[in-house]
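Below, each chain spelled out in residue letters.
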Amino acid sequence: MATATSIVRSPAALLFAKVTVSDHKPTPTIQISRFPSKRSCFTALLSSLHDNNDDDDNNNNNNVISHPKPLSSSQLFNSVSNGSRLRVAYQGVRGAYSEAAAEKAYPNCETVPCDQFDSAFQAVEKWLVDRAVLPIENSLGGSIHRNYDLLLRHSLHIVGEVKLAVQHCLVANHGVQLEDLSRVLSHPQALAQCENTLTKIGLSREAVDDTALAAKHVALHKLKDTGAVASSSAAKIYGLNILAQNIQDDCDNVTRFLILAREPIIPGIQNPFKTSIVFSLEEGPGVLFKALAIESRPLRNQPLRAADDNNGSKYFDYLFYVDFEASMAEERAQNALRHLKDPGRVFVIEIRHWFGFETAAVDSQAIALQGNVGNVSLWL
Ligand SMILES: O=C(O)C(=O)C[C@]1(C(=O)O)C=C[C@@H](O)C=C1
């Protein structure tokens, strides 16, 4: 029944979670200093969501900036959702994979770009949007540690998941050839997913907040020596040329996104259900093994994907994330959790959270908000 386990070190600033789905190491990244830091910018209003007077962009503009500005934390205090269409927050700018994931989850939704993951969480909490769709793991790059951390810091509920096949393109301005490029910009996960290809081409890599932002930057600044790893839709939106398609190191490159809402879903048994739990353990040899040696685990012959970090574990507390394919409305899931919490077994210190979400149906609240979208499927 368990499908995934990852281990996250706390405190959050020292997150080193990983899932052993690949031996790819994330590419070391450098933040591009020319990009204004939006992390500390708490001043704009929601009206500027549709405002074209973007600082960096406006000075260098061509026609690529007539898109909503990403929502930043300040806007969260000054605006309200108009409640007409389902509004779904994602991190990034237009053309990011996260936007595609949001549209896959809710085809008729209004997607709302956010500058940071944290802004997307806050946008839901402050009723600016109805849902957030955020990446949590990728089949090549591993866990998105920041979102594991934010899940614990915020009080949102996982109400669904959506998997997106991610096919990266190498994009550049028209007239620029592959041999003109010396560097490439993208999201660190995207750079990691294309590591072999980029190394073969011999491009230096620089990280930005999302793939579409990389494409936008290349277009706005009319860069001749720099390309971006981004989606074909980002290339289209920002008027770039696709130099190479499907450049990820493995053609099966899938990112799993979580769908977050203010209200939890009531566990049911009609549809396939997943439950996510987060717990901490006492230190000691074999405690994780004992915790997961749940007799009621029906698929106990299936190996768990587990990640461990051998360095210095005594200095950190660890949190364990486990997803299992069962609903808390089912006895077997209740037994599994009871087993984890069994005082006779003492090693589970606390179960911090659990989230239940359906894996085969659209969340019904969203259907009500969206109107008639009965044929929508959230799942691959
Ligand atoms: O940069 C984007 O376009 C994103 O949506 C982010 C993100 C990620 O965080 O993993 C999403 C999917 C891909 O795996 C690459 C990047």
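On a predicted model such as this, the values are computed, not experimentally measured, just so you know.

A separate point is the overall build of the protein. Looking only at helices and strands, the protein features 11 helices and 15 strands. With 380 residues in all, the protein has 54% of them scored as buried. Here the contacts in the protein between residues at least 6 apart in sequence split such that 79% fall between residues at least 24 apart. Taken as a whole, the protein presents about 17,100 Å² of accessible surface, with 50% of it coming from carbon and sulfur.

With 25 residues, the main nonpolar core has Ala-89, Phe-121, Val-129, Ala-132, Leu-134, Leu-151 and Leu-260 as its most contacted residues. When residues in this core are grouped by element, the largest group, five residues, is from helix H3 (residues 117-125). Two domains share this core, each providing at least three of its residues, namely domain 1 (33-165 + 253-264 + 365-370) and domain 3 (273-360). Of all hydrophobic cores here, the second largest spans 20 residues; its members include Leu-185, Ala-214, Ala-219 and Leu-240.

Once that is clear, we can look at the site of the ligand. Close to the ligand lie 13 residues, the nearest being Tyr-97, Ser-98, Gln-193, Thr-211 and Thr-255. A distance of 2.9 Å separates an oxygen atom of the ligand from a polar backbone atom of Tyr-97. His-187 places a polar side-chain atom, nitrogen or oxygen, 3.3 Å from an oxygen atom of the ligand. Taking 360 Å² as the accessible area of the ligand by itself, protein coverage stands at 100%.

What follows covers empty space enclosed by the protein. Under the counting rule described, the total for this entry stands at four cavities of 30 Å³ or more. Put simply, the largest cavity is a space of about 210 Å³. Forming the boundary of the largest cavity are 19 residues, of which Tyr-97, Ser-98, Pro-135, His-187 and Gln-189 lie nearest the centre. Of all the secondary-structure elements, those providing two or more residues to the lining of the largest cavity are helix H2 (97-105), strand S4 (131-138), helix H5 (188-193) and strand S12 (254-261). Top contributing element to the lining of the largest cavity by residue count: H5, with three residues.

This part is about the packing of H3 against helix H4 (residues 145-153). With their axes 10 Å apart at the nearest point, H3 and H4 run at an angle of 30 degrees to one another. What the angle tells us is that H3 and H4 run roughly parallel. Helix-helix and strand crossings are classified by hand; for H3 and H4 the assignment is right-handed. Facing Phe-117, Asp-118 and Phe-121 of H3, the residues of H4 in contact are Arg-146, Asn-147, Leu-150 and Leu-151. Considered class by class, the residues forming the contact of H3 with H4 number four nonpolar, one polar and two charged.

Note on sheets: strands pair through backbone hydrogen bonds, and any given pair is parallel or antiparallel. Here five strands make up an open sheet; going across it, the order is S9-S8-S10-S7-S11 and the pairing mixed. The two strands at the open ends of the sheet, each matched to only one other strand, are strand S9 (204-207) and strand S11 (241-245). Each neighbouring strand pair of the sheet contributes to a mean axis angle of 30 degrees, computed without reference to strand direction. Of the strand pairs in this sheet, strand S7 (residues 169-172) and strand S10 (residues 226-230) are connected by three bridges, and their pairing is antiparallel. Residue pairing across strands places Cys-169 opposite Ala-230, the latter belonging to S10.

For the rest of this paragraph, the subject is the pattern of salt bridges. Side chains that differ in sign of charge can pair as their charged atoms come close. Here the structure, examined in full by the defined rule, presents seven salt bridges. One salt bridge connects Arg-87 with Glu-110, and the closest N-O pair in it is separated by 3.0 Å. With Arg-87 in strand S2 (residues 87-91) and Glu-110 in strand S3 (residues 110-114), this residue pair connects regions lying 23 residues apart in the sequence. A salt bridge links Glu-137 to Arg-256, with the nearest nitrogen and oxygen atoms 2.9 Å apart. Of this pair, Glu-137 sits in strand S4 while Arg-256 sits in strand S12, and the two are 119 residues apart along the sequence. Here Glu-137 matches Arg-256 in class, with each residue buried. Each of Glu-137, Glu-161 and Arg-256 takes part in salt bridges that share partners, so that together they form one network.

About the thresholds
Residues numbered from 1 in each chain as written. Predicted model: local features only at pLDDT ≥ 70, side-chain atom pairs only at ≥ 80, totals over all residues. Heavy atoms only, no water. Helix = DSSP H or I, 4+ residues; strand = E, 2+ residues; numbered from the N terminus. Buried < 20%, exposed > 50% of the residue type's maximum accessible area, 1.4 Å probe, protein only. Contact = heavy atoms within 4.5 Å. Areas by Shrake-Rupley, 256 points an atom, 1.4 Å probe, with all protein chains shown as cover. Core = buried A, V, L, I, M, F, W, Y, C linked by side-chain atoms within 4.5 Å. Domains from an automatic or database assignment. Near = heavy atom within 4 Å. Polar contact = N/O pair within 3.5 Å; in protein donor to acceptor, adjacent residues only side chain to side chain. 1 Å grid on protein atoms, 1.4 Å probe; cavity = no way out; pocket = protein on both sides within 12 Å on 5 of 7 lines; lining within 4 Å. Points joined across faces, edges and corners; volume = space filled by probe spheres on them. Axes fitted to C-alpha atoms, helices over the stretch in contact; angles between N-to-C directions. Parallel < 35°, antiparallel > 145°, perpendicular 65-115°, else oblique. Left-handed = near helix turned anticlockwise from the far one by under 90°. Nonpolar A, V, L, I, M, F, W, Y, C, P; charged D, E, K, R; others polar. Pairing = 2+ DSSP bridges. Salt bridge = Lys/Arg side-chain N within 4 Å of Asp/Glu carboxyl O.

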